[in-house]
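Residues per chain, in single letters:
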Amino acid sequence: MRVFATYNIKGGVGKTSAAVNLAYLSAAAGYRTLLWDLDPQAAASYVLRVKPRVKGGAKALVRGARPLDDAIKGTDFDGLDLLPADFTYRNMDLALHAAKRPTRQLSRLLGPLAAEYDVVFLDCPPSISLVSENILQAVHTLLVPLIPTTLSERTFDQLTSFIGGQDGRRPQVLAFFSMVDRRKRLHRDITARLPAERTDIAAAVIPAMTVVEQMAVRRAPVPAFAPRSAAAARYRELWEELQVRAGLDGPG
Amino acid sequence: MATARCLEFVVEDGTEDMPRRLAGALEPRFTVIQETRGPARQVWLDTFDRRLQAAGLVLRQVTASHSAELVLSTSAGADLASQRLTPPRWPRRLDAIPDGPVRARLDPVVGIRALLPLARAEGSLTRLRVLDGEAKTVARITVDAASLVRPVAGPLPRRLMIAPVRGYQEAADRAARLLTAAGVLSPAERPAFQSVLDAAGPGPGDAAGGAGAALSPEMPAHTALAGVLQRLAGTITANVGFVIRDVDAEFLHDLRVAVRRTRSVLKLAGDALPGGLAARFAPEFKWLGDLTTPVRDLDVYLAGFDAMATGLSAASPGDLEPLRAHLAGRRAVERRRLVRGLRSARFAGLMAGWRAALDEVAAQDAGAGSDVGTLAARRIARAYRRVIRLGSAIAAAEDAGTAPPAEDLHSLRKRCKELRYLLETFRPLYDPAAYGRAVKDLRGLQDVLGEFQDSEVQRAAIRGFAEQMLAPPAAPTRIQHANGKPSAGEAKPGELAATLLAMGELSARLDQRQRRARRQVAGRFAEFAGAGTLRTLGIRTRAARA
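Residues numbered from 1 in each chain as written. Chains lettered and ligands numbered in written order. Predicted model: local features only at pLDDT ≥ 70, side-chain atom pairs only at ≥ 80, totals over all residues. Heavy atoms only, no water.

Draft legend 1. Local environment of the overall build of chain A. Helix and strand counts for chain A stand at 13 helices and eight strands. Over its C-alpha trace chain A gives a radius of gyration of 17 Å, about what one expects of a compact globule, namely 18 Å for 252 residues. Residues classed as buried in chain A amount to 57% of the 252 residues present. Pairs at least 24 apart in sequence give 80% of the contacts found in chain A among residues at least 6 apart. Surface exposure of chain A reaches about 10,800 Å², of which carbon and sulfur atoms provide 52%. (Helix = DSSP H or I, 4+ residues; strand = E, 2+ residues; numbered from the N terminus. Rg over C-alpha atoms; globule rule 2.2 N^0.38 Å. Buried < 20%, exposed > 50% of the residue type's maximum accessible area, 1.4 Å probe, protein only. Contact = heavy atoms within 4.5 Å. Areas by Shrake-Rupley, 256 points an atom, 1.4 Å probe, with all protein chains shown as cover.)

What follows is the structure in structure tokens.
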């Protein structure tokens with residue numbers, strides 16, 4: 001089982017869009033895929049039409065009073081399941097803090113799912129917290145959406161040095177440019193310069209397009225409702241690159 | 001993951017207007033949309049000995065609109081896993097199915113057996129989705145309108161299945177209740193697979209009844225024995241085609257067991273059959289048994305090869321690869337001989353003559369012969385006494401500190417086998433619990449004697465293989481594989497030396513195993529002798545001697 005997380009300290013950078021579209025593409029490629037919506041704002045759950053409610057909330061999941069397995073819902077797409085968000089996830093830090101080895105809890109909870117899923121995506125809340133530390137321990141690849149601005153670049157530097165300073169297991173980091181507007185000179189400059197300077201930036205670039213915003217209206221992944229769109233093609237490129245970088249060698 | 005409850009219904013009338021009828025019953029609570037409708041072929045699969053059915057599983061290959069998938073479900077109809085595949089030509093072993101969720105669940109159940117097509121159906125499949133108020137899919141509906149095309153043509157009930165999407169069982173149950181209340185459908189009384197089985201009739205393995213013949217103690221002995229032997233003949237015949245096609249190694253094993261049981265009945269109770277039948281047919285069944293031995297021995301070696309290779313300590317497992325190639329080459333040669341034998345007029349004549357002779361015996365009057373209950377008690381008691389006599393002599397020799405010769409242990413093994421075959425042949429005459437205990441007591445001794453003898457035979461075989469591998473290239477053991485790879489006879493001298501050294505290590509390990517088994521024989525025999533098998537079965541010794 002490979003665990004990926006879409007993560008950024010900043011909000012509104014395209015984490016959920018990437019998580020939903022990549023999870024959809026993973027399932028369509030034949031991988032048994034689970035998307036865990038960890039963000040209490042529940043955008044991924046909304047897009048996939050699942051009510052953002054988990055009985056017992058974050059506390060019951062972290063304590064093990066309710067197995068993760070029980071809370072999973074099937075989506076409308078073959079091979080893609082969702083562990084929905086819950087508003088109590090805003091207090092997940094507290095629940096994690098109360099547990100033994102608080103930074104390893106997500107990893108522990110995901111363990112039993114390995115028999116059932118080939119790929120897990122975590123759609124993470126925008127913050128840097130105990131939840132983030134748990135995510136770093138649990139994932140193989142951290143996918144970081146970057147809006148090509150100077151401040152985003154700085155935030156990415158902060159994140160990579162934070163990961164570099166972590167004890168124990170450190171995930172592979174793969175950033176990708178998100179919400180790119182080619183009309184803006186700064187966007188053009190940074191998307192041209194940064195990949196030449198760093199190896200942890202994907203070649204695939206996700207443009208700022210209306211069709212991506214339409215996900216919340218159509219309540220479906222872009223490749224499902226607009227398979228021939230340019231955005232769907234870019235997400236496919238990103239998925240192909242992720243498979244290669246993460247060493248996924250085909251479903252089953 | 002908790003198994004979802006799938007709901008199944010019978011559609012009494014046509015399925016043509018189904019989406020509209022379903023929508024009428026489910027709206028406004030749910031919306032129904034049709035996803036696909038088109039022709040579909042379905043193949044139900046199981047092993048010859050129905051391992052999936054015994055485990056409560058149903059495996060189906062569904063081919064519709066250029067794509068195929070394997071669907072594994074419970075016998076009650078709940079889907080467990082599905083997996084896309086390029087349909088192979090069945091029967092095939094599990095390695096024809098790529099790794100995936102279905103394969104993972106099949107592996108422990110199916111093991112080394114091949115999957116055979118039990119039935120094929122053709123018709124149309126309509127797939128629909130049930131959406132809730134959020135336009136979220138909560139259940140999938142499949143309408144299956146198919147007819148059986150193999151093994152016989154015939155209609156199947158038109159069915160509608162509602163499968164909940166994970167986490168939406170309650171919604172699916174509610175949809176099912178609405179459909180029932182609207183009178184659109186009636187719940188299916190029997191799962192779909194049962195209807196298929198009923199329509200298809202007996203499967204390829206159902207003729208192979210083994211020793212489970214219907215017997216009662218008062219039956220005339222010759223009639224009862226003819227029945228037992230007819231069933232064994234049925235097993236032989238049912239397996240032959242699969243052995244010839246090399247579907248899986250178990251067909252040959254089952255055929256050999258049936259031949260061995262036939263030979264045992266002829267040897268140990270054949271005098272109860274009229275007309276010198278036993279004397280007439282025993283040599284022919286010996287021929288048949290001998291014909292099958294080399295391939296079976298090689299199958300056993302090849303099946304255990306990886307375990308054998310990984311157990312090496314001084315040599316590396318890869319050193320044995322030329323031996324594997326050699327064994328595979330030998331098997332190809334021996335299999336050709338086996339197939340020639342099974343296709344020969346001699347084999348066809350044997351089976352036809354044998355079955356006709358048994359029919360004649362079964363039709364004969366009771367006459368003055370004994371009943372099968374008495375015959376069984378006498379023959380089991382006699383075989384038991386032989387085991388005790390020989391075992392006691394071996395134990396006494398062990399006590400005196402003189403190791404009994406290997407031939408004595410081999411003889412004891414043969415006597416134990418005879419007793420076991422008699423128990424199995426006459427099994428229906430005894431209380432199942434008593435029979436189970438008697439076999440269990442005997443099995444403990446048989447296991448250790450088997451280990452002793454197998455080690456000896458395998459050591460001798462390894463020596464034989466080594467000699468064959470060292471034979472000059474022109475020797476008949478030099479085999480070119482079908483895939484064009486060179487055989488062991490063409491291994492380089494360095495490789496051959498490594499292989500022979502590894503084989504030496506195997507031989508030494510077999511020697512250790514044999515010594516360990518030998519040390520256990522006396523103890524296991526004492527346990528068996530103390531268990532009182534005849535008493536367990538309710539056989540009175542004096543009456544049995546009469």
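Draft legend 2. Highlighting the overall build of chain B. Across its full length, chain B carries 17 helices and 10 strands. Expressed as a percentage of the 546 residues in chain B, the buried residues total 49%. The long-range fraction of contacts in chain B, counting pairs at least 24 apart against all pairs at least 6 apart in sequence, stands at 73%. Of the accessible surface of chain B, which amounts to about 25,500 Å², a share of 52% is contributed by carbon and sulfur atoms. Taking the 79 positively charged and 59 negatively charged side chains of chain B as two groups, their mean positions are separated by 3 Å. (Lys, Arg positive; Asp, Glu negative; His and termini not counted. Charge placed at Lys NZ, Arg CZ, Asp CG, Glu CD.)

Draft legend 3. Quick peek at the packing of aromatic side chains. According to the stated counting rule, one finds 11 aromatic pairs over all chains in the structure shown. Every member of this aromatic cluster is reached through a ring pair, and the members are Phe4, Tyr31, Phe121 and Trp239 of chain A. One residue, lysine 73 of chain A, lies across the ring of tyrosine 168 of chain B, its end atom 4.8 Å from the ring centre. Directly above the ring of tyrosine 46 of chain A sits arginine 219 of chain A, whose terminal nitrogen or CZ lies 3.9 Å from the centroid. (Phe/Tyr/Trp six-rings, centres within 6.5 Å; stacked < 30°, edge-to-face > 60°. Lys NZ or Arg CZ within 6 Å of the ring centre and 35° of its normal.)

Draft legend 4. Structural context of the nonpolar core. Membership of the largest hydrophobic core comes to 83 residues, with the highest contact counts inside it found for Phe285, Trp354, Ile380 and Phe426 of chain B. Of all the elements, helix H6 (residues 221–245) of chain B adds the most residues to this core, at 14 residues. In this structure, phenylalanine 285 of chain B is in contact with Ile236, Val259, Thr262, Arg263, Leu266, Leu350, Met351 and Trp354 of chain B, ignoring residues within four places of it in sequence. Judged by nonpolar contacts, the second largest core, of 67 residues, contains Phe121, Ala204 and Met215 of chain A together with Leu160 of chain B. (Core = buried A, V, L, I, M, F, W, Y, C linked by side-chain atoms within 4.5 Å.)

Draft legend 5. Representation of the side chain of serine 229 of chain A within the structure. Here serine 229 of chain A lies in the loop between helix H12 (222–225) and helix H13 (230–246). Not counting residues up to four positions away in its chain, the partners in contact with serine 229 of chain A are Val211 and Val222 of chain A.

Draft legend 6. Region of the structure containing the pattern of salt bridges. Under the counting rule described, the total for this entry stands at 43 salt bridges over all chains. Among the salt bridges present, the one from arginine 198 of chain A reaches aspartate 200 of chain A, with a minimum N-O distance of 3.0 Å. In terms of burial, arginine 198 of chain A and aspartate 200 of chain A fall into one category: buried. Salt bridges sharing common partners tie together Asp49, Arg51, Arg113, Asp248 and Asp254 of chain B. (Salt bridge = Lys/Arg side-chain N within 4 Å of Asp/Glu carboxyl O.)

Draft legend 7. Looking closely at unusual backbone geometry. Residues and elements named next belong to chain B. Proline 28 follows glutamate 27 through a cis peptide bond whose omega is 5 degrees. Turning to its location among the elements, proline 28 is positioned in the loop between helix H1 (18–26) and strand S2 (31–46). Residues arginine 150 and proline 151 are joined by a peptide bond in cis, for which omega reads 0 degrees. Mapped onto the elements, proline 151 comes out in the loop between strand S7 (137–150) and strand S8 (154–155). Its identity is not glycine, yet aspartate 246 carries a phi of approximately 60 degrees, on the positive side. Tracing the backbone through its elements, the reader meets aspartate 246 in the loop between H6 and helix H7 (249–269).

Draft legend 8. Structural detail: the packing of H1 of chain B against helix H4 (residues 169–181) of chain B. All names here are of chain B. Between H1 and H4, the shortest axis-to-axis distance is 8 Å and the interhelical angle comes to 105 degrees. As judged from the angle between their axes, H1 and H4 are roughly perpendicular. The residues of H4 that touch H1, namely those facing Leu22, Ala25 and Leu26, are Ala175, Leu178 and Leu179. A breakdown of the residues in the contact of H1 with H4 according to their chemical character gives six nonpolar, no polar and no charged. (Axes fitted to C-alpha atoms, helices over the stretch in contact; angles between N-to-C directions. Parallel < 35°, antiparallel > 145°, perpendicular 65-115°, else oblique. Nonpolar A, V, L, I, M, F, W, Y, C, P; charged D, E, K, R; others polar.)

Draft legend 9. Local environment of the interface of chain A and chain B. The interface is formed by 18 residues belonging to chain A together with 16 residues belonging to chain B. A buried area of about 1,300 Å², summed over both sides, lies between chain A and chain B, and 37% of it is on carbon and sulfur atoms. Here chain A is connected to chain B by seven salt bridges. Where chain A meets chain B, there are 12 residue pairs in polar contact (both at pLDDT 80 or more). For the side of chain A that touches chain B, the per-class residue count stands at six nonpolar, three polar and nine charged. (Buried area = accessible area lost by both parts, 1.4 Å probe. Polar contact = N/O pair within 3.5 Å; in protein donor to acceptor, adjacent residues only side chain to side chain.)

Draft legend 10. Up close: helix H5 (residues 192–200) of chain B. Residue and element names in this part refer to chain B. Buried within H5 we find Phe193, Ser195, Val196, Leu197 and Ala200. Its buried side turned inward, H5 meets S2, helix H2 (51–54), strand S3 (57–64), strand S6 (116–131), S7 and strand S9 (159–164). Glycine 201 occupies a position one or two residues after H5 and carries a positive phi of about 75 degrees.

Draft legend 11. Structural detail: the pairing of S7 of chain B. Residues and elements named next belong to chain B. Of all 14 residues that make up S7, 10 are buried, and the element is covered over most of its length. Bridge count between S6 and S7: 12 bridges; the pairing is antiparallel. When the bridges of S7 are listed, glycine 123 appears paired with alanine 146. Strand direction decides the pairing type here: S7 and S9, joined by six bridges, are antiparallel. Within S9, the residue paired with valine 143 across the bridge is leucine 160. As paired strands, S7 and S8 are joined by two bridges and run antiparallel to one another. Bridging from a neighbouring strand, leucine 148 pairs with glycine 154 of S8. Between S7 and S8, which pair antiparallel in sequence order, lie three residues. (Pairing = 2+ DSSP bridges.)

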